[in-house]
Structure formats: C-alpha cells, structure tokens
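The primary structure of each chain is shown beneath.
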Amino acid sequence: MTRRTVAVDRTLVLLAGLLLLAAGVLGLLWRLGTLSGAPDRFVLAAGVADAPSQGWWAWALAAAGLLLVGLGLWWLLAHLARSRPSRLGLPGSSPQGRLSYDVGAVADAAARALRTRPDVTSVRSTTAYAQGRPLVDLKATTSARADVRSIERAVAEVAEQLARATDDRVGLRVRVVVGRRAPAPSRVA
C-alpha cells in the first residue's frame, strides 16, 4: 500500500465521518423542531409506521445490530492485517514479484542472530511499517552485567546483515532492556 493510497483512504474515511456527523446533527435538530420549514413528521406506509409495535421488531433490530458490529470488526481486522508487511519482491524480479522474501522470517532470523550473544537473554521480533518502509523491530533483554560495547557491536552486525540481505529495503529498530540484578539475600540474625 503506497502513501498516496493511505492518504486517499484517510480522506475518504474523514469525509464519510463528517457526512455521518452532519446527518446526525440534522436529525437531532429536526427531532427537536428547531429546523424551520421541516415537516413535523414523515409520511410512512402503514406497514412501516406500525413496525416498531410488532413483536419481531426488537429481534430484527438486534440481528441488524449484531450484523453491523460483525461488519465493523471484520473491517477493523482487515485493516490491521494490512499494517504488517508480509512479502517483498527481490531486486531484479519481475513486477509480479516472482522472487520474494517473507519479512516476518527476516525478522525472526535477525532475532536469532542477536540471541546468540552470551549477554542477550531473550529477543522478541515484530514487523511494522515506518514512513512507508518495512521495519523489523527487535526488543532484546540483556543480563544485568552485560557489556554495552559488545551489545552495540552485535546490533551493528545484525543491522549490516539485514541491510545486505534485503538490499537496504527493510529498516531495523532495536530496543535493549537491561535485566534486573538478583536481589541481595536478606540476613537473618
């Protein structure tokens, strides 16, 4: 998804939201009777006017509400799935992307490479987009006595390997969390 597509999507969502907000305000003003020249009520067919007093009306509204909630959740989940990069075409491949790599697998490989260091106790990897570019996000936890310079060298090596493997098309963010020291044993007298 390009930045332009995202901008168009956001603009359409903003316009739809503004239209719905305006319709709601107009409906409220009409109901309160503050709109001059608006009819007091709409002329409805007898079947439509009597529908709210029918026994099936509450069930129909509940079903419609559940359907709308389900559609809303589906829409949100569909957009969540797009926010994670999945596959990128390799340089020199066709526009159809016949040669590609999985960004998640690249993130896992970067995490494994960093996890091999003796001072690193754990590494978690995720992928995202940052400024329209895929990003591998690593969160590394080190021991309390970790050598900072060796951790810096390890991160630089992983960054260099990632840039070489992806032709510098995937960014890297590494957050290092220093583990806590074990609490001193308490003295019992």
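Everything here concerns the structure above.
**Q** Looking at this model, I keep getting lost on the overall build of the protein. Mind explaining?
**A** Helix and strand counts for the protein stand at 5 helices and 5 strands. Put simply, the protein runs from its N terminus to its C terminus through helices and strands in the order α-α-α-β-β-α-β-β-α-β. Per-residue burial over the protein gives 15% buried out of 189 residues. Of the accessible surface of the protein, which amounts to about 14600 Å², a share of 62% is contributed by carbon and sulfur atoms.

**Q** What's the story with the packing of helix α4 (residues 103–115) against helix α5 (residues 148–165) in this structure? I'm lost.
**A** Helices that pack against each other are described as a pair by the angle of their axes relative to one another and the distance between those axes. For the pair α4 and α5, interaxial distance at closest approach is 10 Å and the crossing angle is 150°. If you check the angle between α4 and α5, you find them roughly antiparallel. Classified by chirality, the crossing of α5 by α4 is right-handed. Contacts between α4 and α5 pair V106, A110, A113 and L114 from the former with A154, V155, V158, Q161 and L162 from the latter. When the residues that make up the contact of α4 with α5 are grouped by side-chain class, the tally is 8 nonpolar, 1 polar and no charged.

**Q** Quick question: what am I supposed to make of unusual backbone geometry here?
**A** With the exception of glycine, most residues fall at negative phi, and the peptide bonds are largely trans. Even without being glycine, D167 reaches a positive phi, approximately 60°. Relative to the elements of secondary structure, D167 occurs in the loop between α5 and β5 (171–178). Positive phi values are uncommon outside glycine, yet D168 reaches one of about 60°. Tracing the chain through its elements places D168 in the loop between α5 and β5. The class of D168 is exposed, set by a relative accessible area of 51%.

**Q** Explain the pairing of strand β4 (residues 133–142) to me, please; I cannot follow it from the model alone.
**A** Two faces belong to every sheet, and in a regular strand the side chains alternate between them. The buried fraction of β4 is high, at 7 of 10 residues. Here strand β3 (residues 120–130) folds back onto β4 in antiparallel fashion, the turn holding 2 residues, of which Q131 has a positive phi close to 55°. Pairing analysis gives 8 bridges linking β4 to β5, with the strands arranged parallel. Within the sheet, the bridge partner assigned to A140 lies in β5 and is V176. A crossover links β4 with its parallel partner β5, the connecting element being α5, and its sense is right-handed.

**Q** How should α5 be read in this particular structure?
**A** Helical geometry: 3.6 residues make up each α-helical turn, so side chains three or four residues apart lie on a common side. Over its 18 residues, α5 runs 26 Å from end to end, which matches the ideal 26 Å to within 8%, given 1.5 Å per residue. Close packing links the buried residues of α5 with α4, β3, β4 and β5. Note on α5: the residue one or two positions beyond its end, D167, has a positive phi of about 60°.

**Q** Which parts of the structure should I look at to understand the sheet that holds β3?
**A** One open sheet holds the 3 strands; their spatial order is β3-β4-β5, and the pairing between them is mixed. Each edge of the open sheet carries a strand with a single partner, namely β3 and β5. Sheet twist, expressed as the average angle between the axes of neighbouring strands with direction ignored, equals 20°. α4 rests against β3, β4 and β5 of the sheet, and its axis sits at about 155° to β3. The strands touched by α5 within the sheet are β3, β4 and β5, with β5 carrying the most contacts at an inclination of about 160°.

Rules of the game
Sequence positions are assigned chain by chain, starting from 1 and proceeding in written order. Per-residue local features of the predicted model are confined to residues with pLDDT of at least 70, and side-chain atom pairs are confined, for both listing and counting, to 80 or more; whole-chain, interface and lining totals are unaffected and use all residues. Side-chain measures were taken over the full set of non-hydrogen atoms in the model, leaving aside hydrogen atoms and water. Put simply, DSSP H or I for four residues or longer makes a helix, DSSP E for two residues or longer makes a strand, and each gets a number counted from the N terminus. Note on exposure labels: buried denotes an accessible area under 20% of the residue type's maximum, exposed denotes more than 50%, and partly exposed covers the range between, all computed with a 1.4 Å probe on protein chains only. All accessible-area figures derive from a Shrake-Rupley calculation using a 1.4 Å probe, and residue coverage is judged against the displayed protein chains alone. Between the N-to-C directions of two axes lies an angle of 0 to 180 degrees, each axis being a line fitted to C-alpha atoms and, for a helix, fitted only over the stretch in contact. By the definition adopted for this analysis, an angle is roughly parallel if under 35 degrees, roughly antiparallel if over 145, roughly perpendicular if from 65 to 115, and oblique otherwise. By the definition used in this description, the sense in which the near helix is turned from the far one sets the handedness, with an anticlockwise turn below a right angle giving left-handed and a clockwise turn giving right-handed. Residue contacts are defined here by distance: any two heavy atoms, one from each residue, within 4.5 Å place the two residues in contact. Each residue receives one of three labels: charged for Asp, Glu, Lys and Arg, nonpolar for Ala, Val, Leu, Ile, Met, Phe, Trp, Tyr, Cys and Pro, and polar for the others, Gly being one of them. By definition, two strands form a pair when at least two bridges between them are found by DSSP. Note on handedness: a clockwise path from strand one over the helix to strand two, with the strands aimed away from the viewer, defines a right-handed crossover. One less than the residue count of a helix, multiplied by 1.5 Å, gives the span that helix is expected to have.

Function cannot be read off these values alone, since they describe shape.
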